[in-house]
Amino acid sequence: QVQLVESGGGLVQAGGSLRLSCVASGSTFSSYNIGWYRQAPGKQRELVAGISSSGNTNYADAVKGRFTGSRDDAKNTVYLQMNSLKFEDTAVYYCNAGRLLRDGTLYNYWGQGTQVTVSS
């Protein structure tokens, strides 16, 4: 069982920066792939950044070059550094931890989300 707690959201002006954190419980956190998702009002939840268990990252086109995901497994924490924020980045941001075992067992956990509001 993994519990995820996000923090770092808030209100920021366009062009500003925020850093989101997601702290996880559980001793096997380093084995999980992490995804940062966001959901704006009236829209579907979308993946903005992925951080594999080995530290590889990938990003949605909308945030490439502006957002950076990282992880510190010693602290059971993942981060999302968001720079040059735009009004359209306004959303609730969620941390997700996923792990697929060889026997097909899937572990998938979500945090409660943190609100990011960008004023234009």
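Residues numbered from 1 in each chain as written. Predicted model: local features only at pLDDT ≥ 70, side-chain atom pairs only at ≥ 80, totals over all residues. Heavy atoms only, no water.

Asks: Quick one: what's the story with the overall build of the protein chain, residue by residue and with numbers?
Replies: Tallying secondary structure elements over the protein chain gives zero helices and 11 strands in all. Along the chain direction, N to C, the helices and strands of the protein chain fall in the order β-β-β-β-β-β-β-β-β-β-β. Here the protein chain has a C-alpha radius of gyration of 14 Å; the compact-globule value for 120 residues is 14 Å, and the two agree. C-alpha atoms of the protein chain, sized along the principal axes, occupy 50 × 30 × 25 Å. Taking all 120 residues of the protein chain together, 41% fall into the buried category. (Helix = DSSP H or I, 4+ residues; strand = E, 2+ residues; numbered from the N terminus. Rg over C-alpha atoms; globule rule 2.2 N^0.38 Å. Buried < 20%, exposed > 50% of the residue type's maximum accessible area, 1.4 Å probe, protein only.)

Asks: Now, about the state of the cysteines: what can you tell me, with residues and values included?
Replies: Considering all chains together, one arrives at one disulfide under this definition. Sulfur-sulfur distance for the disulfide between cysteine 22 and cysteine 95 comes to 2.2 Å. On the sign convention where negative means left-handed, the S-S torsion of about -80 degrees between cysteine 22 and cysteine 95 marks this disulfide as left-handed. Here cysteine 22, found in strand E3 (residues 18–24), pairs with cysteine 95, found in strand E9 (residues 91–100); they are 73 residues apart in sequence, far enough to count as distant. (Disulfide = S-S within 2.5 Å.)

Asks: Please set out the environment of glutamine 3 residue by residue, giving values where relevant.
Replies: By secondary structure assignment, the location of glutamine 3 is in the segment before strand E1 (4–7). Exposure remark for glutamine 3: the relative accessible area of 53% places this residue in the exposed category. Separated by 22 residues in sequence, glutamine 3 and serine 25 place their C-alpha atoms 5.3 Å apart. The contact partners of glutamine 3, leaving out residues within four places of it in the chain, are Val23, Ala24 and Ser25. (Contact = heavy atoms within 4.5 Å.)

Asks: With reference to specific residues and values, describe the packing of aromatic side chains.
Replies: Counting across every chain of the model gives three aromatic pairs. Judged by centre distance (6.4 Å) and plane angle (85 degrees), the rings of tyrosine 94 and tryptophan 110 are edge-to-face. Of this pair, tyrosine 94 sits in strand E9 while tryptophan 110 is found in strand E10 (residues 106–110), placing the two residues 16 residues apart along the sequence. Classification of tyrosine 94 by relative accessible area gives buried; the value is 13%. The rings of Tyr37, Tyr94 and Trp110 are connected pair by pair, giving a single aromatic cluster. Over the face of the ring belonging to tyrosine 94 we find arginine 45, whose NZ or CZ atom lies 3.7 Å from the ring centre. In this structure, arginine 45 packs its charged tip against the face of tryptophan 110, placed 4.6 Å from the ring centre. (Phe/Tyr/Trp six-rings, centres within 6.5 Å; stacked < 30°, edge-to-face > 60°. Lys NZ or Arg CZ within 6 Å of the ring centre and 35° of its normal.)

Asks: Quick rundown of the environment of arginine 38? Include the residues and the values.
Replies: Within the secondary structure, arginine 38 is located in strand E4 (residues 33–39). For arginine 38 and alanine 91, which are 53 residues apart along the polypeptide, the C-alpha to C-alpha distance reads 5.8 Å. Not counting residues within four places of it along the chain, the set of residues in contact with arginine 38 comprises Gln44, Arg45, Glu46, Val48, Ala62, Val63, Phe67, Glu88, Asp89, Ala91, Val92 and Tyr93. One polar contact links arginine 38 to aspartate 89, side chain to side chain, over a distance of 2.9 Å. (Polar contact = N/O pair within 3.5 Å; in protein donor to acceptor, adjacent residues only side chain to side chain.)

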